[in-house]
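Spelled out from the first residue to the last, the chains are:
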Amino acid sequence: MNLKQKARIYSPWVFHAHAGGCNNCDIEIAAVFSPRFDAERMGIKLKNNPRHADILLVTGPVPKQVESALKRIYEQTPNPKVVVAVGSCAIDCGPYNYDDGSENYAFAGPVNKVIPVDVYVPGCPPRPEAIIHGLALALERLALKR
Amino acid sequence: MIKIVNGMVILIKELLRNIKRCVTIDYPAGTWPGKKYSQIVAYGRGMHEFDEEKCVGCGACASMCSSKTIKLMDEEGERTVSIYLGRCLFCGKCQDICPEKALKLTPKYELANIDKEKLYVKNSLNMAKCESCRKFIFTEKQINTVKNKILENLKPETKEKVRPDMEKYLKLCPDCRKILSFKLEIHPRKLY
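Per chain, residue numbering runs from 1 following the sequence as it is written. Chains carry letters from A onward and ligands carry numbers from 1 onward, assigned in written order. Totals for whole chains, interfaces and linings use all residues, but because this is a predicted model, local features are given only for residues with pLDDT of at least 70 and pairs of side-chain atoms are given and counted only at 80 or more. With hydrogens and water set aside, each side-chain value is computed from the structure's full complement of heavy atoms.

Novice: Could you give an account of the pairing of strand S5 (residues 120-129) of chain B, naming the residues involved and the relevant values?
Specialist: All names here are of chain B. When DSSP finds two or more bridges between a pair of strands, those strands are recorded as paired. Only DSSP runs of H or I covering at least 4 residues are called helices, and only runs of E covering at least 2 are called strands; the numbering of each starts at the N terminus. The pairing of strand S3 (residues 78-84) with S5 spans 7 bridges and is classified as antiparallel. Residue pairing for S5: Glu78 is matched across the bridge by Asn126. Summarising the sheet, S5 and strand S6 (residues 136-139) pair through 2 bridges and their orientation is antiparallel. Across the sheet, Met127 pairs through a bridge with Thr139, a residue of S6. Once S5 ends, the chain turns through 6 residues before running back antiparallel as S6, passing Arg134 with a positive phi of about 60 degrees.

Shown next, in the form of structure tokens:
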């Protein structure tokens, strides 16, 4: 592990990509970086530019309008990068899918179909601690990538 | 001079109080001495857990599930109740509706995983065969509990009449019950 990689793992920067959804997961992500659940004490920082980010936090079921934007955000983040799908919408469209399991016409499938996902965090919405646990798993993945 | 000392005393008192009122909670939570700040409550809704002895496989949870994550899958001789946590809303309806109180939501919340296929909670049960047509009908446990629950609510006089009838028709599937109802020599009203 070289110095650059070591520095990246000690302070990964996070970009929060909102792709549809109901804003509940976004509130929990805001809580993660608030003083109560303080993720910044572990060096994890929220940035508002994907070009600076190492980790992408994606929420929501990805509507067709957002699909191209999400792909562009993924391409803008520099390598190595890790994608974390937060919430049951991001994993499998959650309650937005029809009862018989068929896909909804308005969505371009879950995040899994649009961009490759590394870590899944289930919950509706997930607890802030659960998101911190997901970020810890994402760091393990980031250490393996180059 | 005295004013400065008094001011310092007040300042130190405020400082000490603020150390006690620490806002940030440790991760994993609950290790911090002031336990009232711990976020994990005993009735918190997290990962599902089956009580394998109590679960009957009736499928009440599957019919009640608000996002249709709970599914019953009948394969040869085995019924599996599978819960996919990726779509679950953790609403707790399945916990409320369960007649045997076998399904419970534990406060375990750390469910993040690298693999999507590991987000399943499963429970498998043996199934019973119909005696005439040799098809799988219900689970073995379900037949016993239905029998016991019906017999509980009856008077002791009628219980003795019903019990031999039940032993005949509970081994058959609903279609065969209709066909063989004349041969079984039981009153059709008793076919539940």
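Novice: Go over helix H5 (residues 156-169) of chain B with me, naming the residues and quoting the values.
Specialist: Residue and element names in this part refer to chain B. For a helix, the expected span equals 1.5 Å multiplied by the residue count minus one. Taking 1.5 Å as the rise per residue, H5 with 14 residues should run 20 Å; its terminal C-alpha atoms sit 20 Å apart, in good agreement. At Val162, H5 shows its strongest bend, of approximately 30 degrees, with the proline Pro164 following within four residues. Any residue under 20% of the maximum accessible area for its type is buried, any over 50% is exposed, and the rest in between are partly exposed; the area is computed with a 1.4 Å probe on protein chains only. If you check which residues of H5 are buried, you get Val162, Asp165, Met166 and Tyr169. Residue contacts follow a heavy-atom distance rule, with two residues in contact if any of their heavy atoms lie within 4.5 Å. In this fold, the buried residues of H5 make contact with helix H4 (140-152) and helix H6 (174-179). Working definition for bend: take the seven residues up to and ending at a residue and the seven starting at it, fit an axis to each, and measure the angle between the axes.

Novice: Just give me the short version of the interface of chain B and chain A, but keep the residues and values in it.
Specialist: Taken together, the contacts link 27 residues of chain B with 31 residues of chain A. Buried area between chain B and chain A, summed over both chains or domains, comes out near 2600 Å², and the portion from carbon and sulfur atoms is 60%. Once two parts are joined, some of their accessible surface, as seen by a 1.4 Å probe, is lost; buried area is that loss totalled over both. Its largest share of buried area at the contact with chain A, chain B owes to Tyr27, Arg87 and Ile114 of chain B, together 25% of the area lost on that side. Salt bridges are identified by distance alone: a Lys or Arg side-chain nitrogen within 4 Å of an Asp or Glu carboxyl oxygen. The interface formed by chain B and chain A includes 0 salt bridges. Two N or O atoms form a polar contact when they lie within 3.5 Å of each other; inside protein one atom must be a possible hydrogen donor and the other a possible acceptor, and for residues adjacent in sequence the pair counts only when both atoms belong to side chains. Inspection of the region where chain B meets chain A yields 2 residue pairs in polar contact (both at pLDDT 80 or more). Partitioned by chemical class, the residues of the side of chain B that touches chain A number 16 nonpolar, 5 polar and 6 charged. Any residue that is not Ala, Val, Leu, Ile, Met, Phe, Trp, Tyr, Cys, Pro, Asp, Glu, Lys or Arg is counted as polar, Gly included; the first ten are nonpolar and the last four charged.

Novice: Outline a nonpolar patch on the surface, supporting the account with residue identities and numerical values.
Specialist: All names here are of chain B. A cluster of nonpolar side chains, namely Met1, Ile2, Ile4, Met8, Leu11, Ile12, Leu15, Leu16 and Ile19, defines an oily patch on the protein surface of about 1000 Å² accessible area. Turning to its location among the elements, Leu11 is positioned in helix H1 (residues 2-20). Judged by its relative accessible area of 49%, Leu11 is partly exposed. Any residue with relative accessible area above 30% and no salt bridge may belong to a patch, with like charges joined within 9 Å and the nonpolar Val, Leu, Ile, Met, Phe, Trp and Tyr side chains within 5 Å. Using the Shrake-Rupley algorithm and a 1.4 Å probe, accessible areas are obtained, with residue cover drawn only from the displayed protein chains.

Novice: How would you sum up the state of the cysteines? Please name residues and give values.
Specialist: Note on terminology: disulfide denotes any pair of cysteine sulfur atoms within 2.5 Å. Applying the stated criterion across every chain yields a total of 0 disulfides over all chains. A disulfide-free cysteine, Cys124 of chain A has its sulfur positioned 5.8 Å from the sulfur of Cys89 of chain A, the nearest such atom. Taking relative accessible area as the criterion, Cys124 of chain A reaches 33% and is therefore assigned partly exposed. Cys58 of chain B takes part in no disulfide bond, and the closest cysteine sulfur to it belongs to Cys98 of chain B, at a distance of 6.3 Å. We classify Cys58 of chain B as partly exposed; its relative accessible area is 36%.

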